[in-house]
Amino acid sequence: MATEVAPLPEIAPKPAAIITTQEWKPAVNPWIIAMSVMMATFMEVLDTSVANVALPHIAGNLSASNDEATWVLTSYLMANAVVLPATGWLGRRFGRQRFLLFCLVLFTASSFLCGFAVSLPMLIFARILQGAGGGALQPIAQAVLIESFPKEKQGQAIGVYGIGVVVAPIIGPVLGGWITDNYSWRWVFYINVPIGVLAFFMLRQFVHDPPWIKNARATIGSIDGLGFALMALWLGAQEVVLDKGQDDDWFSSNFIRGLAITAALAFAFFLIREFKTKGPIVDLRMLGDRNYGFGTLLIGVVGALLYGVTTLLPLFMQTLLGYSAYSSGLAIAPRGMGALIGMAVCGNLIGRIDSRFLALFGFAVCGLSVWQFSHLDLIMNPGTIFFSNVINGLSTAFMFVPLNTLSFGTLSREQVGNATGVYNLMRNVGGSVGISIVSTMLARRAQVHQAMMTAHLSPFNPIYQQTLRGYQATLSHQMSSSDASQKALGLLGGMVQQQATMGAVIDIFQGAVLTAGAAGLLVFVLKNVKTRGPTGAH
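Residues numbered from 1 in each chain as written. Predicted model: local features only at pLDDT ≥ 70, side-chain atom pairs only at ≥ 80, totals over all residues. Heavy atoms only, no water.

Novice: What should I look at first to understand the overall build of the protein in this one?
Specialist: Of the regular secondary structure elements, the protein holds 23 helices and zero strands. Looking at the protein as a whole, 52% of its 538 residues qualify as buried. Long-range contacts, defined here as pairs at least 24 residues apart, represent 83% of the contacts in the protein between residues at least 6 apart. When the accessible surface of the protein is summed, it comes to about 23700 Å², and 66% of that surface belongs to carbon and sulfur atoms. (Helix = DSSP H or I, 4+ residues; strand = E, 2+ residues; numbered from the N terminus. Buried < 20%, exposed > 50% of the residue type's maximum accessible area, 1.4 Å probe, protein only. Contact = heavy atoms within 4.5 Å. Areas by Shrake-Rupley, 256 points an atom, 1.4 Å probe, with all protein chains shown as cover.)

Novice: Looking at this structure, how should I read the packing of helix H2 (residues 30–46) against helix H12 (residues 192–206)?
Specialist: Two packed helices can be described by the angle between their axes and the distance between those axes. Packing of H2 against H12 brings their axes to within 9 Å, and their N-to-C directions diverge by 150°. Relative to H12, the element H2 is oriented roughly antiparallel. By crossing handedness, the relation of H2 to H12 is classed as left-handed. Contacts from Ile32, Ile33, Ser36, Val37, Met39, Ala40 and Met43 of H2 reach H12 at Asn192, Ile195, Gly196, Leu198, Ala199, Met202, Leu203 and Phe206. Split into classes, the residues belonging to the contact of H2 with H12 amount to 12 nonpolar, three polar and no charged. (Axes fitted to C-alpha atoms, helices over the stretch in contact; angles between N-to-C directions. Parallel < 35°, antiparallel > 145°, perpendicular 65-115°, else oblique. Left-handed = near helix turned anticlockwise from the far one by under 90°. Nonpolar A, V, L, I, M, F, W, Y, C, P; charged D, E, K, R; others polar.)

Novice: Explanation requested: the confidence of the model for the protein in the structure shown.
Specialist: Low pLDDT marks stretches whose predicted atomic positions should not be read closely. Residue-level pLDDT values for the protein average 77, and 80% of them are 70 or greater. Averaged pLDDT values for the elements of the protein fall to 45 in helix H1 (residues 16–23) and rise to 91 in helix H19 (residues 355–373). Residue range residues 1–21 is modelled with pLDDT below 50. Its contacts to residues more than four positions away, or to other chains, number 12 contacts. Within the model, the stretch residues 532–538 combines pLDDT values under 50 with 22 contacts to residues more than four positions away or in other chains. (pLDDT = per-residue confidence, 0-100.)

Novice: What exactly am I supposed to notice about the nonpolar core here?
Specialist: Most often, soluble globular proteins keep nonpolar side chains buried together rather than apart. Counting 110 residues, the largest nonpolar core has Phe316 and Leu376 as its most contacted members. Sorting elements by how many residues they give to this core places helix H16 (residues 290–320) first, with 11 residues. Leave out the neighbours within four places in its chain, and Leu376 touches Leu313, Phe316, Ile385, Met502, Ile506 and Phe509. In terms of nonpolar packing, the next biggest core, distinct from the first, is built from 17 residues, Ala69, Val72, Ala117 and Leu120 among them. (Core = buried A, V, L, I, M, F, W, Y, C linked by side-chain atoms within 4.5 Å.)

Novice: Please clarify how the side chain of Asn291 should be interpreted in this entry.
Specialist: Within the element layout of this structure, Asn291 appears in helix H16. Overall, the relative accessible area of 0% leaves Asn291 in the buried class. If near-sequence neighbours (up to four positions away) are discounted, Asn291 is found in contact with Leu406, Ser407, Thr410, Leu526, Lys527 and Val529.

Novice: Sorry if this is basic, but what is going on with the environment of Val513 here?
Specialist: Inspection of the secondary structure assignment puts Val513 in helix H23 (residues 481–522). Taking C-alpha positions, Val513 is 7.3 Å from Leu368, a pair spaced 145 residues apart along the chain. Excluding anything up to four places from it in sequence, Val513 contacts Gly367, Val370 and Trp371.

So, in structure tokens, the structure goes:
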């Protein structure tokens, strides 16, 4: 009787998903990749603030008003905002490396055009191209970093990425002021060209698409044209409303009202379209993930705090203390020092301490530093706010790194590319909202304080009468008594206006303290993410 031989067991092939998400590793050291993408990110984020202090010089050189020159900033932010959420789809469609290189070339070439511009329309057109090219650099760089590093080192990688995102807006006004004062506003843009060329060769050599990006290119459908058009209309109209609202007295202007209605309707139809279509330009369903959804909301708050403080401090120093643009930028430069220290420390603490406690610490320290800012006065010197600026920069790092870790820690590596676009958009939108709130509150609260103080400028107020007579007596040695009386009233009026503006600055800082505290409490809505352990995705 023949002995029956049992068949050999079949060896099942590994699922492709496991191979691509858990076993893929970049061909070069991930830290080389980090330096490559950080160079492009730093350059792009720097351009969101480096041109701010050069606006008066640009306006004068191109025969434009200061109000017209602000379109140099607005046009960049509009184009940037439109491209940001679509980077996930565009990266899958054309290949992430190819799309990243194209955007870098567009950004670098348009930077040269900005410096070469001979008229304001030409400069605005070049800034639109620059914003479109720069919009993809942030989210793609973030996605590449998260995918290239194992879980236990992602906190450190995000810390490196954060150097570009957090430090660049802080040193932007300092660098822009120094270049403009010593050379020309055109070199604010020309400086991007050599950096862009070096970044191009590094990205081409060291950054490559992971397997799931290559697989997605074969299966991705045609672009959601209607969704993209609605998104562009919504974000473009919203950016103009936020940027020009205070200048046009908000909803008393037909222009602002029309744009606000347009933005609201476009946003509503965009949501309907993206949730109903099978191939959306932006996959909003990921916002249903608790960590990613609330993390996206909180990074918007971080953006508002970062850009709001960065806008208000130089404004306070220039308008109330008489600092130059360069001097005011230099005075807040210690924030960059604090941010660098914070990125290094926080990146190493991720995985050892619950990320939610690290983020809570960041919001608490932010609230402390802003509370210290609320005690500024009109006789301060730059050294007075040195320590406050350092800990404010430190707090930004402790908010940024843990929130990134928590927000993306519950997503698969295939989802990260799409998720980073919306995440970075919310940080930028939060920044625009923060700047808009600062400019509006500064004007409105100054009016309130001025009305309250003017009520005390009465002939029956002995302090007012004593101060007025003192000014008149001093001035009467230099001019006639009637002129001295008029000049004394003018000096008192200027003092009231100055004190009213100082009161408004304090009000805004106190509001920021409350905002940081509320955001810190929301951190515990998120689930903790374990970054130590297996390198595979969740």
